[in-house]
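For reference, the chains in residue letters:
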Amino acid sequence: MAENRPVSLEDPLETLPGAGPVTAARMAARGLVRVRDLLFFFPRAYEDYRRIYSLAELGALEPGTSVLIRGKIVSVHRFFRRILDVYVEENGTRLRARWFRPNASMAKSFEKGAPVALAGKLRRSESGEAELIHPSNVTAFLAESASVGIRPRYPVIEKVPGRTVEKIVAAALTAVGHQVPDLLPASLRVQHGLPDVAQALAFVHRPPDTTSDLELVELLAGTAPAQRRFALEELFVLQTGLAQERARVKQRHAPPGAGFDSQQLLAAVRAALPFTFTGTQERAVNAIFEAMAAPSPMQCLLQGDVGSGKTAVAFAACVRAARAGGQILFMAPTAVLAEQHSRTLSAWGAQANLRTGLLHSGLDTAEQKRVLAAAAAGELDLIVGTHALLEDRLRLSRLVLAIIDEQHRFGVRQRARLRRLDSGENGWQIGAQNGMVPHLLVLSATPIPRSLALTLYGDLDLVTLEGLPPGRLPIHSHVCTGEVEREGAYAAVKQAVARGGQALVVCPAIAEGEGGGRTRVSTVALARTLRASLHPARVGVLHGQLAAERQRAVIDAVREGRLDVLVSTTVVEVGVDLPRAQVMVIEDADCFGLAQLHQLRGRVGRGTDQARCYFLTVSEAPDALDRLRVVASSQDGFRIAEEDLRRRGVGDLQGTRQSGTPELRFADLATYMGLVEAARAAAGAVLAEDPDLTRPEHAELRRAVKARFEAAHPISEEAG
Ligand code: ADP
Ligand code: MG
């Protein structure tokens, strides 16, 4: 580095004073490579050392409070190398400061009779006295400046002392903190009352002494205006990228599809279905028809609660595509579900002249070959199947529509592949001629709040089904904790079976000894017990390690009423529709996420009889019980998902981990749900003026979007 050149954002971290090559290498391991990275390496906590407390005051403070104290060292004790105790006195009050495994230099730095200043968290000793554990020695620091102020605490970087990290970040802030470009449109920033980027960086890294108590509380909670600003900026960049992706697809040509009378089509669909569409289903169908008539390909996410009737809406789309002379791929995550869809859709399809085929790897090879050949020859309109469809063997000459059911079970890669159906790189031999892109309809696996859907699937247009088809009674749900309640749950199973109904029992584990630490109830063991205790009920077992053929046989037996009770792992979770099942028991329910429990519960109550669901748990953790009560007390999947989001964060919410959208670093969605719509609107406004972000004032935004999506997008990975 030339000596006099000013530091720039893109310089390597070693440009900064205090960052030698060894430290830089250690920080690089944490992704901190350039000076810019340091500015966005935010403190995880703050300690308030603005005020100097007298030792006499400490007794009245809450343990855990950060305090700065001063006094005179009255004695220093070392217990071998393990413990260092320093007693400090001020106006007759004493305080013990203790370090475990102190290093040698630390002991030497304390001298009897010398003045000392210590900063750290207050604790109560066994005898109830105030003490400090591992405080920082800020004697020298305090001699130089009037106050220690509010100190940032950065995430720990292995082998780099916290103090060093603090110094290097401070150096970066001083050198280039004012150079960071502001990506947020000023109007958006002002509208939300948020600081500009330089102010925000300064506040986050170096909160001023004038910070109010309220501001400090917000800062610690991650909700201060400065932090909101970075969250909004991140969401804005993300929404800009998603909107661009959406726009890119809109420029492509869809298969020809205009010229149909929607009302006529709808009548054909209605005639094929054994029930009447609800209003919300009909609105969804119309929205989808409209999208399919447009010159650009449909890219749609159909959302709806468990059991809301997404399949029938998707069927309408199939009918439309087939009328346009096209073929349809309908993909399900499991063979069990593909089988079910093929059964339903071929029955409905037969009424609308759709020729349907089923394809998954559990079928014997001759049958697979037959279906592949028929598909290639154009003798099938609708091909239902599992991932096997994504393999190279399938050849379709006129694919018009791809439907993915229960999206969360599909990995990022499959989805990325689907997006590029036309590119010829995907290994599919699909006739999307003349650069045409087939329509894409994604059916959500689990209802998620709109803000989350816009974040994870913002490149898709959202269509939502409200509520459930009529005639469903709410499922009576109970949380069962003790042995008596557990017996009550199984008594309900017995009763349902005695009346000719069926029951589903779900366990977290397949066989004994699975599931780590605590022993989880397993399907195999439980089925054995239940065969005895529920005699003469016929009890079957289902789990993912059974051969596909065996799984199908079990499901068929349940469907045909040859089994009364099915003990299963979560393979039944997705989409399986068993209208005669009225009772569900979920063992070790605390092992599952809220959204997943709701999804599981959705397996019952699809008929018109009163359904019951029992959440069994032996956990006594208040939080676990509380979570179960949330699901038990609500039937609204959207509300449950929102609650799940609030409690566990996005990463854990079922179906979100694999969405393929870049991960958020600053914008904890549970906290910032409310900013998503604003970010989306602002992104739309910017792109309306400058679709390719080619204007000079958008250069930084373009760079940020590119960096974000390139870093996270799995598409390039697939080439390898
Ligand atoms: P999901 O949205 O969870 O995929 P499904 O499509 O499996 O739900 O539908 C759940 C059940 O509701 C199925 O048995 C289906 O046949 C039935 N169903 C769907 N729409 C209606 C309707 N309008 N009236 C009555 N039953 C319906
Ligand atoms: Mg479904």
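Whatever comes next refers back to the structure up there.
Owing to the predicted nature of the structure, the values given are computational and were not obtained by experimental measurement.

**Digging into the packing of aromatic side chains**
Now for step 1: Scanning all chains against the criterion turns up 7 aromatic pairs.
Now for step 2: A ring pair is formed by F40 and F230, whose centres lie 5.7 Å apart and whose planes are at 90 degrees; its orientation type is edge-to-face. Remark: F230 occurs in helix α9 (residues 225–250) and F40 occurs in the loop between α2 (35–39) and β1 (45–49); sequence separation between them is 190 residues. F230 matches F40 in its accessibility class, with the two residues each being buried.
Now for step 3: Plain terms: the ring middles of F42 and F230 are 4.9 Å apart, the flat faces sit at 50 degrees to each other, and that makes the pair tilted. Of this pair, F42 sits in the loop between α2 and β1 while F230 sits in helix α9; the two residues are 188 residues apart in sequence, bridging distant segments of the chain.
Now for step 4: For F230, a relative accessible area of 2% gives the class buried.
Now for step 5: Each member of the aromatic cluster is reached from another via a ring pair, and the members are F40, F42 and F230.
Now for step 6: Between the NZ or CZ atom of R229 and the centre of the ring of F230, over which it lies, the distance is 5.4 Å.
Now for step 7: Note that R320 overlies the ring of F289, its terminal NZ or CZ placed 5.9 Å from the centroid.

**Looking at the site of ligand 1**
Now for step 1: By nearness alone, 16 residues border ligand 1, and Q281, G307, T311, R472 and D577 come closest of all.
Now for step 2: Contact between ligand 1 and T276: a nitrogen atom at 2.8 Å from a main-chain N or O atom of the residue.
Now for step 3: Burial of ligand 1 by the protein chains amounts to 84% of its free accessible area of 560 Å².
Now for step 4: Grouping the amino acids of the shell around ligand 1 by side-chain chemistry returns 4 nonpolar, 7 polar and 5 charged.

**Focus: the sheet that holds strand β17 (residues 439–443)**
Now for step 1: Taken together, 7 strands build an open sheet; the order of strands is β12-β13-β11-β15-β17-β10-β18 and the sheet is parallel. In the strand order of this sheet, the two ends are held by β12 (356–359) and β18 (461–465), each with one partner. Geometrically, the sheet is characterised by an average inter-axis angle of 20 degrees between neighbouring strands, direction not taken into account.

**Some details on unusual backbone geometry**
Now for step 1: Here the amide bond leading from H535 into P536 is cis, since omega sits at 10 degrees, within 30 degrees of zero.
Now for step 2: The phi angle at N91 is positive, at roughly 45 degrees, despite the residue not being glycine.
Now for step 3: Its location among the elements puts N91 in the loop between β4 (83–90) and β5 (93–100).
Now for step 4: Classification of N91 as exposed rests on a relative accessible area of 78%.

**A look at the packing of helix α12 (residues 310–323) against helix α13 (residues 335–350)**
Any two packed helices are characterised by the angle at which their axes cross and by the distance between the axes.
Now for step 1: For the pair α12 and α13, interaxial distance at closest approach is 11 Å and the crossing angle is 50 degrees. One way to sum up the angle between α12 and α13 is to call them oblique. Along this stretch, α12 crosses α13, giving a crossing that reads as right-handed. Along the contact surface, α12 presents T311, A312 and F315, while α13 presents H341, L345, W348 and G349.
Now for step 2: For the contact of α12 with α13, the class distribution of residues is 4 nonpolar, 3 polar and no charged.

**Structural notes on the pattern of salt bridges**
Now for step 1: Here the structure, examined in full by the defined rule, presents 30 salt bridges.
Now for step 2: Two residues, R552 and E339, come together in a salt bridge whose shortest N-O distance is 2.7 Å. Here R552, found in helix α19 (residues 548–559), pairs with E339, found in helix α13; they are 213 residues apart in sequence, far enough to count as distant.
Now for step 3: Judged by its relative accessible area of 22%, R552 is partly exposed.
Now for step 4: Salt-bridge contacts for D381 lead to R355; the nearest nitrogen and oxygen are separated by 3.0 Å. One end of the pair, D381, is in the loop between α14 (365–376) and β13 (382–385); the other, R355, is in the loop between α13 and β12, with 26 residues separating them in the sequence.

**Remarks on the sheet that holds strand β23 (residues 581–586)**
Now for step 1: Pairing is parallel in the open sheet, where 6 strands are placed in the order β19-β24-β23-β20-β22-β21. The sheet is open, and its two edges are formed by β19 (476–480) and β21 (539–542), each paired on a single side. Each neighbouring strand pair of the sheet contributes to a mean axis angle of 15 degrees, computed without reference to strand direction.
Now for step 2: Sheet analysis places β23 next to strand β24 (residues 612–616), joined by 4 bridges and oriented parallel.

**Here we look at the packing of helix α11 (residues 279–293) against α12**
Now for step 1: Where α11 contacts α12, the two axes come as close as 9 Å, and the packing angle between them is 30 degrees. As judged from the angle between their axes, α11 and α12 are roughly parallel. Between α11 and α12 lies a crossing of right-handed hand. From α11, Q281, A284, V285, I288, F289, M292 and A293 reach across to α12, where they touch A312, V313, A316, A317, R320 and A321.
Now for step 2: Among the residues forming the contact of α11 with α12, the class breakdown is 11 nonpolar, 1 polar and 1 charged.

Thresholds applied
Residues numbered from 1 in each chain as written. Chains lettered and ligands numbered in written order. Predicted model: local features only at pLDDT ≥ 70, side-chain atom pairs only at ≥ 80, totals over all residues. Heavy atoms only, no water. Phe/Tyr/Trp six-rings, centres within 6.5 Å; stacked < 30°, edge-to-face > 60°. Helix = DSSP H or I, 4+ residues; strand = E, 2+ residues; numbered from the N terminus. Buried < 20%, exposed > 50% of the residue type's maximum accessible area, 1.4 Å probe, protein only. Lys NZ or Arg CZ within 6 Å of the ring centre and 35° of its normal. Near = heavy atom within 4 Å. Polar contact = N/O pair within 3.5 Å; in protein donor to acceptor, adjacent residues only side chain to side chain. Areas by Shrake-Rupley, 256 points an atom, 1.4 Å probe, with all protein chains shown as cover. Nonpolar A, V, L, I, M, F, W, Y, C, P; charged D, E, K, R; others polar. Pairing = 2+ DSSP bridges. Axes fitted to C-alpha atoms, helices over the stretch in contact; angles between N-to-C directions. Parallel < 35°, antiparallel > 145°, perpendicular 65-115°, else oblique. Left-handed = near helix turned anticlockwise from the far one by under 90°. Contact = heavy atoms within 4.5 Å. Salt bridge = Lys/Arg side-chain N within 4 Å of Asp/Glu carboxyl O.

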